[in-house]
Amino acid sequence: MRDVQAAATIKSVCIVRDDERACEGFLEDLYDTYARSLFRYAYAITRSAEDAEDVLQEVFAKIARERRRLISPEAIKAYLFTAVRNSSYSILRTKHRRDRFTDEWANEAKWIDDDAADAVIQSHVMRSAFAGLPPEQREVLVLKVYEEMSFKEIAEAVGSSINTVASRYRYAIAKLREILQGDTHER
Amino acid sequence: MNDKRIEDMLRKSWSPEPPEGMRDRVLRGSRQKNGDGCRRFQFTLTWRGALVGLGLVLVFVANTSDGTTQSRLTEMTHAGPTSSCALVAQSPLTLGQWRRGVDELLSRSGSGEFGMKGVDMP
């Protein structure tokens, strides 16, 4: 629902996109609507809050420069996710971090729950397990679980086939299940 | 443990929030880069205008000087007593024809045809 409203707002701004003030409003609208999702997506791929912020900086700067090309407001969401993905992988390649596990998530990620020690431990195990997945699986999980996209939409966003995307999701879930169940059995 | 439960656990365990102040940093950064882009665009626009103006001036000057040359040639054609001058003015000539024309003029001036009889050419 929010996307539809955002698209309508953006569309109206797009019409007057040559107006500098309207363009600033356009960027702010985009940020307020999508930044949280985009940040999470970039973070899932890069595993670094700093890199995720750099990705958003780059993507928004690009939009500011090329906003006249954004003809269809309905396509903006897909455009943003694709841009964030490209930029995130570019950072991964540049920094050669792809296979390097960092424990940044354990330190940085916010504890959402909770008082019970078990839940805290389980939450930590889940984050570590998620961080240990390959980036291709993490991004599919984020788009499916947080953005509630269909496999078809995810396939379009990441430029793979539906089957590939579905199997990445299945592998990721199976891996998380295995780690979580292993942890439960250990305790 | 089914898929939905794992998804729920993931949602609860991991939900990174953008760092504080990121909104300002991102929007400020994009505004600056956009401003740079605009300035670059303005700069290009200004120079493009200047170049077009310069081009127009050059075309005007070339046309004017061409017209002046043409009118001088026409004057020479009408004022000149010989047919060779008319030939010079009216048609494009080869180097050989030019040379023959000049030789003819020199020989005529030497023979006093232009009222310069007795004056030796250097």
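## Details of unusual backbone geometry
Moving on, step 1. At A:Arg47, a position not held by glycine, the phi torsion is positive, near 60°.
Moving on, step 2. Counting through the fold element by element, A:Arg47 comes out in the loop between helix H2 (20-46) and helix H3 (49-66).

## A word on a nonpolar patch on the surface
Moving on, step 1. A grouping of B:Leu51, B:Leu54 and B:Leu58 is seen on the molecular surface, where their side chains present a nonpolar patch of about 320 Å² in accessible area.
Moving on, step 2. Inspection of the secondary structure puts B:Leu51 in helix H2 (residues 22-79).

## Concerning helix H8 (residues 151-158) of chain A
Residue and element names in this part refer to chain A.
Moving on, step 1. Within H8 the residues assigned to the buried category are Ile-154, Ala-155, Ala-157 and Val-158. The buried residues of H8 occupy an angular sector of 165° when projected down its axis, which confines them to one face. Seen from the open side of H8, the exposed residues pointing more than 90 degrees away from its buried face are Lys-152 and Glu-156.
Moving on, step 2. Just beyond H8, the residue with positive phi is Gly-159, at close to 70°.

## Remarks on the packing of helix H7 (residues 135-146) of chain A against helix H1 (residues 3-13) of chain B
Moving on, step 1. Taken N-terminus to C-terminus, the directions of H7(A) and H1(B) make an angle of 95°; their axes are 11 Å apart at the nearest point. Here H1(B) runs roughly perpendicular to H7(A), going by the angle between their axes. Contact with H7(A), carried on its side by A:Leu141, A:Lys144, A:Val145 and A:Tyr146, involves B:Glu7, B:Leu10 and B:Arg11 of H1(B) and no other residues of that element.
Moving on, step 2. By residue class, the composition of the contact of H7(A) with H1(B) is four nonpolar, no polar and three charged.

## So, the interface of chain A and chain B
Moving on, step 1. Taken together, the contacts link 40 residues of chain A with 27 residues of chain B.
Moving on, step 2. For the pair chain A and chain B, the summed buried area comes to about 3,500 Å², and 62% of that belongs to carbon and sulfur atoms.
Moving on, step 3. Along the contact surface separating chain A from chain B lie four salt bridges.
Moving on, step 4. Across the pair B:Asp3 and A:Arg177 runs a salt bridge whose closest N-O atoms are separated by 2.6 Å.
Moving on, step 5. Our enumeration of links across chain A and chain B arrives at eleven residue pairs in polar contact (both at pLDDT 80 or more).

## So, the pattern of salt bridges
All names here are of chain B.
Moving on, step 1. For the structure on display, the rule yields eleven salt bridges over all chains.
Moving on, step 2. Glu-7 is the partner of Lys-4 in a salt bridge, and the nearest nitrogen-oxygen pair spans 3.3 Å. Taken together, the positions of Lys-4 and Glu-7, both in helix H1 and three residues apart, correspond to about one turn of that helix.
Moving on, step 3. Judged by relative accessible area, Lys-4 falls into the exposed class, the value being 55%.
Moving on, step 4. A network of salt bridges, in which partner residues are shared, links Lys-4, Glu-7, Asp-8 and Arg-11.

## Here's the deal with the confidence of the model for chain B
All names here are of chain B.
Moving on, step 1. Put simply, chain B has an average pLDDT of 75, and 67% of its residues get 70 or more.
Moving on, step 2. Of all secondary-structure elements in chain B, the lowest mean pLDDT belongs to helix H3 (residues 83-90), at 52, while H1 reaches the highest, 89.
Moving on, step 3. Both scores are available for the predicted complex, with the pTM at 0.62 and the ipTM at 0.75.

## Re the packing of aromatic side chains
Moving on, step 1. Under the definition given, this model contains seven aromatic pairs over all chains.
Moving on, step 2. Where A:Tyr43 meets B:Trp14, the ring centres are 5.9 Å apart and the plane angle is 45°; that geometry is what we call tilted. Of this pair, A:Tyr43 sits in helix H2 while B:Trp14 sits in the loop between H1 and H2, which puts the two residues in different chains. For the pair A:Tyr43 and B:Trp14, a shared accessibility class is recorded, and that class is buried.

## Considerations on the nonpolar core
Moving on, step 1. Ranked by size, the top nonpolar core spans 58 residues in total, and within it A:Leu56, A:Phe130 and A:Leu141 carry the most contacts.
Moving on, step 2. In terms of residues, this core owes the most to one element, H2(A), which gives 13 residues.
Moving on, step 3. Setting aside anything within four residues of it in sequence, one finds A:Leu141 in contact with A:Phe130, A:Leu133, A:Tyr146, A:Tyr169, A:Ala172, A:Ile173, A:Leu176 and B:Leu10.

Conventions adopted
Residues numbered from 1 in each chain as written. Chains lettered and ligands numbered in written order. Predicted model: local features only at pLDDT ≥ 70, side-chain atom pairs only at ≥ 80, totals over all residues. Heavy atoms only, no water. Helix = DSSP H or I, 4+ residues; strand = E, 2+ residues; numbered from the N terminus. Patch = residues over 30% accessible without salt bridge, like charges linked within 9 Å, V, L, I, M, F, W, Y side chains within 5 Å. Areas by Shrake-Rupley, 256 points an atom, 1.4 Å probe, with all protein chains shown as cover. Salt bridge = Lys/Arg side-chain N within 4 Å of Asp/Glu carboxyl O. Buried < 20%, exposed > 50% of the residue type's maximum accessible area, 1.4 Å probe, protein only. Arc of directions from axis to C-beta. Axes fitted to C-alpha atoms, helices over the stretch in contact; angles between N-to-C directions. Parallel < 35°, antiparallel > 145°, perpendicular 65-115°, else oblique. Contact = heavy atoms within 4.5 Å. Nonpolar A, V, L, I, M, F, W, Y, C, P; charged D, E, K, R; others polar. Buried area = accessible area lost by both parts, 1.4 Å probe. Polar contact = N/O pair within 3.5 Å; in protein donor to acceptor, adjacent residues only side chain to side chain. pLDDT = per-residue confidence, 0-100. Phe/Tyr/Trp six-rings, centres within 6.5 Å; stacked < 30°, edge-to-face > 60°. Core = buried A, V, L, I, M, F, W, Y, C linked by side-chain atoms within 4.5 Å.

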